[in-house]
Amino acid sequence: MAGNNSKSENRASGAYIFRPNSSEPIPVGAQTKTKLVTVGSEVQEIHQTFSEYVSQVIRIYKGEHGVEFEYQVGPIPITDYYSKEVISRFDTDLSTEGIFYTDSNGREILQRKRNYRPTWNVNLSEPISGNYYPVNTRIFIKDDARDVQLTLVTDRTHGGSSLKDGSLELMLHRRLLHDDGKGVNEPLNERGVDGNGLIVRGKHRLLMTSVADAAQLHRAVAFILTLPPIITMTSLTTTVEEYRNNYQTTYSGLTSDLPANVHLLTLEPWKDGTILLRLEHYFEKTDDPNGLSQPVTLNLKKLFSPFTIVNATETTLGANTWLQDVERLKWTTEKKLVAQNLELFRPNNHYQWRARHEDDHLDITLDPMQIRTFVVKVDHDQEHRLQ
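Quick summary incoming for the structure in this document. Computed from a prediction, not measured in an experiment: that's the story for all the values here. (Residues numbered from 1 in each chain as written. Predicted model: local features only at pLDDT ≥ 70, side-chain atom pairs only at ≥ 80, totals over all residues. Heavy atoms only, no water.)

**Observations regarding the pairing of strand β10 (residues 148–154)**
Consecutive side chains of a regular strand alternate in pointing toward one face of the sheet and then the other. To keep things clear, this is the line we draw: Exposure classes here rest on a 1.4 Å probe applied to the protein chains alone. A residue is buried below 20% of its type maximum, exposed above 50%, and partly exposed in between. A run of H or I in DSSP counts as a helix once it spans at least four residues, and a run of E counts as a strand once it spans at least two, with each numbered from the N terminus. By this definition, two strands are paired if DSSP reports at least two bridges between them.
Within β10, seven of the seven residues are buried, leaving the element largely enclosed by the surrounding structure. Bridge count between strand β9 (residues 138–143) and β10: six bridges; the pairing is antiparallel. Looking at β10, one finds that R138 is bridged to V153. Between the antiparallel neighbours β9 and β10 lie four residues, among them D147 with a positive phi of about 55°. Where β10 lies against strand β13 (residues 200–209), six bridges are found, and the strand directions are antiparallel. Note on β13: the bridge partner recorded for Q149 is T209.

**Quick notes on the sheet that holds strand β4 (residues 67–73)**
Our working definition: Only C-alpha atoms enter the line fits that serve as axes; for helices the fit covers just the stretch in contact. Angles between N-to-C directions range over 0 to 180 degrees.
Spatial strand order, β1-β2-β3-β4-β13-β10-β9-β6-β7: nine strands in an open sheet with antiparallel pairing. Edge positions in the sheet fall to β1 (33–39) and β7 (108–113), since each of these pairs with one other strand and no more. Along the sheet, successive strands turn relative to each other by an average axial angle of 20°, direction set aside. Where β4 and β13 come together, seven bridges link them in antiparallel fashion. For Y71, the partnering residue across the bridge sits in β13 and is G202.

**A short note on the pattern of salt bridges**
Our working rule: Any Lys or Arg side-chain nitrogen located within 4 Å of an Asp or Glu carboxyl oxygen qualifies as a salt bridge.
In this structure the tally under the stated criterion is 17 salt bridges. E45 serves as the salt-bridge partner of R59, at 2.8 Å between the closest nitrogen and oxygen. Pair noted here: R59 is in strand β3 (residues 54–61) and E45 is in strand β2 (residues 43–51), with a separation of 14 residues, a long-range link. We note that R59, like E45, is buried. In this structure, D165 engages R114 in a salt bridge whose closest nitrogen and oxygen atoms are separated by 2.8 Å. Pair noted here: D165 is in the loop between β11 (158–161) and β12 (167–175) and R114 is in the loop between β7 and β8 (133–135), with a separation of 51 residues, a long-range link. Taken together, the shared-partner salt bridges in this structure form one network comprising E45, R59, E68 and E70.

Purely geometric stuff here, so don't read any function into it on its own.
Here is the structure:
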C-alpha cells in the first residue's frame, strides 16, 4: 500500500509495516510455463516460470522424503511504480479450523489461530499482517480427522501464515517505493550492485506425513536445510585414484553417531586450553512421547575421536557462570506474595551433575528441548589437535 503516513490507517507498507492493497494475492504472471526435466536416475525436476522475475525448480530425490522447491525472485520490477511483496502459497483440502503452527527459533512449536489472541478479544483491522508470524525453520497445518500433516521447512527466516483453511504461505521478497514513517526514512528499495534490484534464491521442503510421524522428519530436515555442508574446491593435479590413495577423503570427529535426538551445538576452543561444549536435545516432549522425546543419556568421555574428555564443569547457557553458583532471584508479585522454594537453582538431579575427576564416568542426561553447556578439559591424541 502506498499510503501517506498522515494517520495510522494511511500508513504505507515499508520496512516495518506490511499492508497489502488486497486480501487476495495477485498472480505474478498471466501464464505459468512448466517443463519436466529428468536428471539421471536420482532426481526428477519440474521447472516453472511464472514471470520474468519469478521462477522455481521442483525436485523429487530418490529415496528422500518430501518435495524440494528452489525459488528465485527478482529483480522485482518497479517501472509500473507499484510496490510488490512476493509470496509462495500452498493450497490443500485439509480441514484445519483456522489453526496452524510455527516454530520459535527452530526449537519449540507454537500454535497459532487465525484472527485470534489467547488473552484478549481481538478485532484485526489488518487481517493479512495481523495473522503473519515469524517462521524460522518450519510452518505446518494438520488435519487430525484424516491424520495428515503438511509441513513446510525453510532454509531461512520468513514471515508466514495460513490465511485460509488448508493453506500455507511464506513471504519471499519485497520491494517497496514508500517509507512507512517508522524511522528508516527511506523506502525498502535495495537496488543491488547493478542498480536493478536484489535477487533472492532459497529452498523449501514440503513434507506430507501422518501427524505422529511428522516431528521425527521435519526436525531432521530442518537441520539439513539450515546447516548444509560447506563445499570447497581445489585444483586437481593427479588422477582421482591417486588422490584417494594419497589423501584422507573421509573424516569424523565422533567415535560414533550421536543419538537421533541430540545435536552438537557448540565445540570451540575456550580459555586456558579448555573447550566449550554444548549439546541439545532438539525434540519436544510431545513430538514422539514413546520414542525420540524421551530423555537421552550419553557419555562425554567416549564422544570424540581426536581427544578424550577427562573433566567437565557445567555452566549456564551463556557459559559465563558455573551452574552450581547460579542463584534464582526472588520476585514479589502484585499481591505481595513471595515465590517459595527458589533458594537455589535445582530443577532436576541431573542438572546438578558436575564432574571434577578423571575417574568420573562423565555420563550426562538431556531432557526434551534441553541445552546443556560444559567447559571441558581434554587429553589430545598425539596425532590430532583441535584447531
